[in-house]
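Single-letter residue listing:
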Amino acid sequence: MQLPGTSDELSLVRAAQTDAQAFGALYDRYVQRVYRYCYYRTSNTHDAEDLTAQIFLAALESLPRYRQDGHFAAWLFSIARKKVADYHRRVPSLPLDESHLPPLHADLEVNVETSQRKEHLLQLIQSLAEEERELIHLRYVAELSFAEIAKALHKNEEAVKKMCYRLIARLQRELEADHE
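Keep in mind the model is a prediction, meaning the values are calculated, not measured. Each chain has its residues counted from 1, following the order in which its sequence is written. In view of the model being predicted, local features appear only for residues whose pLDDT reaches at least 70, and side-chain atom pairs are presented and counted only at 80 or more, with totals across whole chains, interfaces and linings using the full set of residues. With hydrogens and water set aside, each side-chain value is computed from the structure's full complement of heavy atoms.

1. Quick notes on the packing of aromatic side chains
So, step 1. Aromatic rings from Phe, Tyr and Trp, taking only the six-membered ring of Trp, are treated as a pair when their centres fall within 6.5 Å; an angle between ring planes under 30 degrees marks them as stacked, one over 60 as edge-to-face, and anything in between as tilted. The tally for this structure, following the rule as stated, stands at nine aromatic pairs.
So, step 2. Judged by centre distance (5.7 Å) and plane angle (85°), the ring pair of Tyr-37 and Phe-77 falls under edge-to-face. Of the two residues, Tyr-37 sits in helix H2 (residues 23-42) while Phe-77 sits in helix H4 (residues 72-90), which places them 40 residues apart along the sequence.
So, step 3. Relative accessibility decides the category of a residue: with a 1.4 Å probe and only protein chains considered, values under 20% of the type maximum give buried, values over 50% give exposed, and everything between is partly exposed. Classification of Phe-77 by relative accessible area gives buried; the value is 0%.
So, step 4. Seen in terms of ring centroids, Phe-146 and Tyr-165 are 5.5 Å apart; in terms of plane orientation they differ by 65°. Their pairing is edge-to-face. Of this pair, Phe-146 sits in helix H8 (residues 146-153) while Tyr-165 sits in helix H9 (residues 157-179); the two residues are 19 residues apart in sequence, bridging distant segments of the chain.
So, step 5. By relative accessible area, which is 9% here, Phe-146 ends up buried. Starting at the N terminus, helices and strands are each numbered in turn, a helix being any DSSP run of H or I of at least four residues and a strand any DSSP run of E of at least two.

Set out below in structure tokens:
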């Protein structure tokens, strides 16, 4: 089964593999999602910009080795995850500061009615295990599909869906329990 937009993406990838100028179309398609992911992982505009540039440079340099399997976004975010992990090994982790974050993804914002609940949700997300935070970032910040997340995390798509749904349900229960 082919994902929507996959054939268009494959033609962009093929063109970029033979012509570096054609990589610009892939950059345009993914730069906002990659930047948002980096920003949420670093809480720093400058570092997010640097990481985004490093990620696209690494992708361009590695593009000849990319296997065209219809999961370019998963491949790109695998690079992003590695670059962000390298960043966190070099730079000490700081607590998430809501005042420096762009607005939450619309799907989450609908469920968060007040600024107090929003702040509490951010605290809950920060308290999650690293793998759970990563899942939230890939799904709601980077806006990857379950198939793309599964590919990036080297997991089964159904397992990723189940983990995500359970995680969201758990966060919702914790928000409701604390709100009562």
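2. Looking at the environment of Lys-162
So, step 1. Mapped onto the secondary structure, Lys-162 falls in helix H9.
So, step 2. Counting along the chain gives 16 residues from Lys-162 to Phe-146, while the straight-line C-alpha distance between them is 10.0 Å.

3. Things to note about the side chain of His-137
So, step 1. Considering the arrangement of structural elements, one finds His-137 in helix H7 (residues 130-141).
So, step 2. Any two residues whose heavy atoms approach within 4.5 Å are treated as being in contact. Setting aside anything within four residues of it in sequence, one finds His-137 in contact with Tyr-37, Tyr-40, Arg-41 and Ala-142.

4. Examining the packing of H2 against H4
So, step 1. For helices, the fitted axis covers only the stretch in contact; all axes are lines through C-alpha atoms, and the angles between them, taken along N-to-C directions, range from 0 to 180 degrees. Two elements in contact, H2 and H4, have axes whose closest approach is 11 Å; the angle formed by their N-to-C orientations is 35°. Between H2 and H4 the crossing geometry is right-handed. Contact residues: H2 offers Leu-26, Tyr-30, Arg-33, Val-34, Tyr-37, Cys-38, Arg-41 and Thr-42, while H4 offers Phe-72, Ala-73, Leu-76, Phe-77, Ala-80, Arg-81, Val-84, Tyr-87 and His-88.
So, step 2. Residues are grouped as follows: Ala, Val, Leu, Ile, Met, Phe, Trp, Tyr, Cys and Pro are nonpolar; Asp, Glu, Lys and Arg are charged; all remaining types, including Gly, are polar. Here the residues of the contact of H2 with H4 are counted per class, giving twelve nonpolar, two polar and three charged. Here is the rule for handedness: rotate from the far helix to the near one, and if that takes an anticlockwise turn smaller than a right angle the crossing is left-handed, while a clockwise turn gives right-handed.

5. Remarks on the pattern of salt bridges
So, step 1. When a carboxyl oxygen of Asp or Glu lies within 4 Å of a side-chain nitrogen of Lys or Arg, that pair is called a salt bridge. Across all of its chains, the model carries 13 salt bridges by this definition.
So, step 2. Bridged by salt links that share partners, the residues Arg-41, Arg-81, Glu-130, Arg-133 and Glu-134 form one connected network.

6. Some thoughts on H2
So, step 1. At Tyr-30, H2 shows its largest kink, close to 50°.
So, step 2. Among all positions of H2, only Phe-23, Leu-26, Tyr-30, Val-31, Arg-33, Val-34, Tyr-37, Cys-38, Tyr-39, Tyr-40, Arg-41 and Thr-42 are buried.
So, step 3. Ser-43 occupies a position one or two residues after H2 and carries a positive phi of about 60°. Here the bend at a residue is taken as the angle between two axes, fitted respectively to the seven residues that end there and the seven that start there.

7. Description of helix H3 (residues 45-62)
So, step 1. Taking 1.5 Å as the rise per residue, H3 with 18 residues should run 26 Å; its terminal C-alpha atoms sit 26 Å apart, in good agreement.
So, step 2. Asp-47, Ala-48, Leu-51, Thr-52, Ile-55, Phe-56, Ala-58, Ala-59 and Ser-62 are the residues of H3 that are buried. The buried residues of H3 all sit within an arc of 160° when viewed along its axis, so they share a single face. Structural note: H3 exposes His-46 and Glu-61 on the side pointing more than 90 degrees away from its buried face.
So, step 3. Residues of H3 that are buried make contact with H2 and H4. Expected helix span is given by 1.5 Å per residue-to-residue step, counting one fewer step than there are residues. What the arc describes is the spread of directions from the helix axis to the C-beta atoms.

8. Overview of the environment of Thr-52
So, step 1. Relative to the elements of secondary structure, Thr-52 occurs in helix H3.
So, step 2. In this structure Thr-52 comes out as buried when scored by relative accessible area, which is 5%.
So, step 3. Residues Thr-52 and Cys-38 lie 14 residues apart in sequence; the distance between their C-alpha atoms is 6.9 Å.
So, step 4. Excluding residues within four positions of it along the chain, Thr-52 makes contact with Val-31, Val-34, Tyr-35 and Cys-38.

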